[in-house]
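Close look at the chain arrangement
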Amino acid sequence: MACNGSGSGSGCQSNCYKNEEVVEAEASEWTKPAGTVTDPIANNLCIKCKLNYSISGYGGVDDGRFCADCFGSNLIGKFRFAVTSNAMISPTDKVLVAFSGGPSSRVALQFVNEMQLKAQKNYDASRDRSLPVFGVGVVFIDERSISPIPSHVIDTAIKDISLIVSNLAPPTKELHIVPIETIYSSSSNDGRDRLKKLVDAINDPTGKEDFLLHLRMLALQKIAAENGYNRLVLGSCTSRIACHVISGTAKGQGYSLSADIQYVDGRWEIPVVLPLRDCTIQEIKMFCRLDGLKTIELSNHHSGINGLVSSFVTLLQEENPSREYTIVRTAGKLIPFHFNGIPEIDDCNVPLATQRRQKRYNNLKPPESILSESFCPICNSPLNKSDILGLSNQGSCQKTTDTFFAACCSSCRFQILPRDLSSREHFYSILPQPMVARVKQGSCDNLSLLREQIQDCLLSDGEDET
Amino acid sequence: MEEADGKAKKAGGRLCCICNQRRAALKRPKTLEQICRECFYEVFEEEIHQVIVDNQLFRRGERIAIGASGGKDSTVLAYVLSELNRRHNYGLDLFLLSVDEGITGYRDDSLETVKRNEIQYGLPLKVVSYKDLYGWTMDEIVKMIGLKNNCTFCGVFRRQALDRGAALLKVDKVATGHNADDIAETVLLNILRGDIARLSRCTSITTGEDGPIPRCKPFKYTYEKEIVMYAYFKRLDYFSTECIYSPNAYRGFAREFIKDLERIRPRAILDIIKSGENFRISTTTKMPEQGICERCGYISSQKWCKACVLLEGLNRGLPKLGIGRSRGFNKDRKGRKENNGTSIESKQCGTLDF
């Protein structure tokens, strides 16, 4: 266990590119102790258990050092460490795993399941049964209405997914298969049309792809909220997050970047957690292979900037096996937002150990100011001061469309919103309600809400007194 | 790219979308607007003027050295700054400041270009050489240490050489030709390297205000492609060979990526800079304490400045000294100073005071 976190950590720290030689020197130092008596590396033995042959192909600085078993336990160790040290899951929780069928979410599902299994065993063994076992559900978002993937492929995928979920160890997990148009409350046919039009209105390929991501999150949130879940588990891994860091930077989202890459993202109604944040895609794929986990790749293709970034990061990772970690660690040094943590729990149901851990690892110092942050209604990213200034300059009582567009972050304004006015009106009119509502909750209405409360005491209707 | 070229050909007879009078001659790299040459000069120069005004880069009466390598960026900078100084009456005394690293077949040729610029733009030129300052040319250094890490020496030495040259010219500020592409690339490299301290500094338009001589980058938002375009249309005399010792694959990686991004979305370069400016980096991060090098009097956070450490290595025949993490070197020196203090020779720069 001890080498889980620290192993990868120390590997990353030697990652200074001022001088390759230093790195080389340290690397050789690293291997020295092993070479003293019996050299497990020379014998291809796992450096941890020194019993089995080591395997390679999972990338990173530890590639080729561990046997299959130790590799697997390291990986779940990283997962468990992320979960416990960030208080992602507590016994009373009901977590929803977002499952696309791909390797990352497959592994997330597997590990959540293993943790649940363990909790169940503890529960069965304990005399007082004071700690309940957390509940697990699985959701698959069916995007056939806006995706180029043929329907029959998706149907097969759904069949496979149902099989995967039903074959998981008990307790049984509820599987929600939900069409993406669920974000519209109206009838599904109407919703599908509106969604298609909405997506077609976006010209920029990168913008379109990012918008789909935002829609998917809306759908996930909706399902989670409707079914009483209180955590949403995503399979975002180090590699994915590293790509997001670079592409977010290239899209001018530097300010909000730190919100997206933390273990916990509590700006949503149902907090989102990323327990695979410290695992790379190479490790995850290796785990799937070793454990014979079936995965379904529906679409792995990124377009525009996202595609460029993903091939760039892959290239960098090949050149240096800890590059992705370094990227995520750099971004991890940016100051997170106040919502990037599970609020401290004083619930007596929560094991003391968890509470202590949370105190220890929760690096979220009380933020400089928990001013009510404003968020972009499209991507829900926190807005920078300069963006907000632009908003107030627009004046507070304009047309709702204008208010909406002024409330968006500059990145969404550029890559998602239509340029000309008439298509903007149309775009606004077919946006799903939750996005539109975000602005209504925002600054403009704040004032009228306040006004409503003091309405009876005001003598004139105008606002000119102020 | 091909697609874009095709479009441009089709629109051959189109009018400039700024003045609507002359025929469009080029597609502006930053915005992809089709404009005429005259309007290009105008927006190019006025954007730089706006950056200078908005960021208060210069004050009336200041003496400004332009770091001049003879390459496109610094040549265009020298040209544009002297032009804007005249046009908008900045009231600046401009100088050209070149560093002669002593690289045969590269710097000697580019210095010729700078000397021609001196005459063309009527700006006085000062050349400081590594040989004079440190007693070594880059050619000699490379002969000793090989092609690995030679850029570390060159970079450290140049930084100090520029400051020393600026001190000799008694200027208030140094303007360098770093362009938007350079800065975007630096932001990216600092992310890839995990260098949060540099990441927070690298987008500042003025740096070193606490040091002896501040530096500024008037081209912070100017695209490299537009600089090339400007130099090309204005037929500016510049030197375009790469340093013979520089082929650096790593920087090349990031550079290529930036160019690819620009192809997909020209605005991405500005967006990267914007991200760099907006990153939430704690301002309370401990910064190295600014002190003075005990040997040469240059600013240094350590007992000795980096240049002195490197130079010491060269002179003692231990060129690895000070390369990479110089962990402990300065501390070690405290103990050893007494015995070794006298064996240190050369480096005349101790005579220059700040």
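Our structure is the block above this text.
Residues numbered from 1 in each chain as written. Chains lettered and ligands numbered in written order. Predicted model: local features only at pLDDT ≥ 70, side-chain atom pairs only at ≥ 80, totals over all residues. Heavy atoms only, no water.

Bringing the overall build of chain A into the picture now. For chain A, the count of helices and strands is 19 helices and six strands. Evaluated residue by residue, chain A yields a buried proportion of 49% over its 466 residues. The contacts of chain A with a sequence gap of at least 6 include a subset with a gap of at least 24, amounting to 71%. Accessible surface for chain A amounts to roughly 22100 Å². Of this, 54% is attributable to carbon and sulfur atoms. (Helix = DSSP H or I, 4+ residues; strand = E, 2+ residues; numbered from the N terminus. Buried < 20%, exposed > 50% of the residue type's maximum accessible area, 1.4 Å probe, protein only. Contact = heavy atoms within 4.5 Å. Areas by Shrake-Rupley, 256 points an atom, 1.4 Å probe, with all protein chains shown as cover.)

One finds Phe211(A), Leu215(A), Leu232(A), Ile246(A), Ile378(A), Phe427(A) and Leu431(A) to be the most contacted residues of the largest nonpolar core, which totals 88 residues. With nine residues, helix H7 (residues 205-226) of chain A is the largest single contributor of residues to this core. Two domains each provide a minimum of three residues to this core, namely domain 1 (86-348 + 358-368) and domain 2 (385-457) of chain A. Setting aside its immediate chain neighbours within four residues, Ile246(A) contacts Val309(A), Val313(A), Ile327(A), Leu188(B), Ile191(B), Leu192(B) and Phe257(B). Counting residues in hydrophobic clusters, the runner-up holds 49 residues, among them Phe66(A), Val83(A), Ile89(A) and Leu276(A). (Core = buried A, V, L, I, M, F, W, Y, C linked by side-chain atoms within 4.5 Å. Domains from an automatic or database assignment.)

A separate point is helix H4 (residues 107-121) of chain B. All names here are of chain B. Here H4 is 15 residues long and its end C-alpha atoms lie 20 Å apart, about the 21 Å a rise of 1.5 Å per residue gives. Listed in full, the buried residues belonging to H4 are Arg107, Ser110, Leu111, Thr113, Val114, Asn117 and Tyr121. Buried residues of H4, seen end-on, are gathered within an arc of 150° and therefore sit on one face of the element. Against the buried residues of H4 lie helix H3 (72-87), strand E4 (93-100) and strand E5 (125-129). Backbone geometry just after H4 places glycine 122 at a positive phi near 65°. (Expected span 1.5 Å × (residues − 1). Arc of directions from axis to C-beta.)

So, on to the pairing of E5(B). Residues and elements named next belong to chain B. In terms of strand pairing, E4 meets E5 through five bridges, oriented parallel. Along E5, the bridge assignment pairs serine 98 with valine 127. Handedness of the crossover joining E4 and E5 through H4: right-handed. (Pairing = 2+ DSSP bridges. Right-handed = clockwise from strand over helix to strand, strands pointing away.)

Now for the packing of helix H8 (residues 238-250) of chain A against helix H12 (residues 323-332) of chain A. Residues and elements named next belong to chain A. Close contact between H8 and H12 brings their axes to 8 Å; oriented N to C, the two are set at 60°. In this view, H8 runs oblique relative to H12, as classed from their interaxial angle. Remark: the crossing between H8 and H12 carries left-handed chirality. Facing Thr238, Ser239, Ile241, Ala242, Val245 and Ile246 of H8, the residues of H12 in contact are Glu324, Tyr325, Ile327, Val328 and Ala331. (Axes fitted to C-alpha atoms, helices over the stretch in contact; angles between N-to-C directions. Parallel < 35°, antiparallel > 145°, perpendicular 65-115°, else oblique. Left-handed = near helix turned anticlockwise from the far one by under 90°.)

We now examine the side chain of Thr326(A). All names here are of chain A. Within the secondary structure, threonine 326 is located in helix H12. Note on threonine 326: relative accessible area 0%, which makes it buried. A distance of 2.9 Å separates the side chain of threonine 326 from the backbone oxygen of serine 322, its partner in a polar contact. (Polar contact = N/O pair within 3.5 Å; in protein donor to acceptor, adjacent residues only side chain to side chain.)

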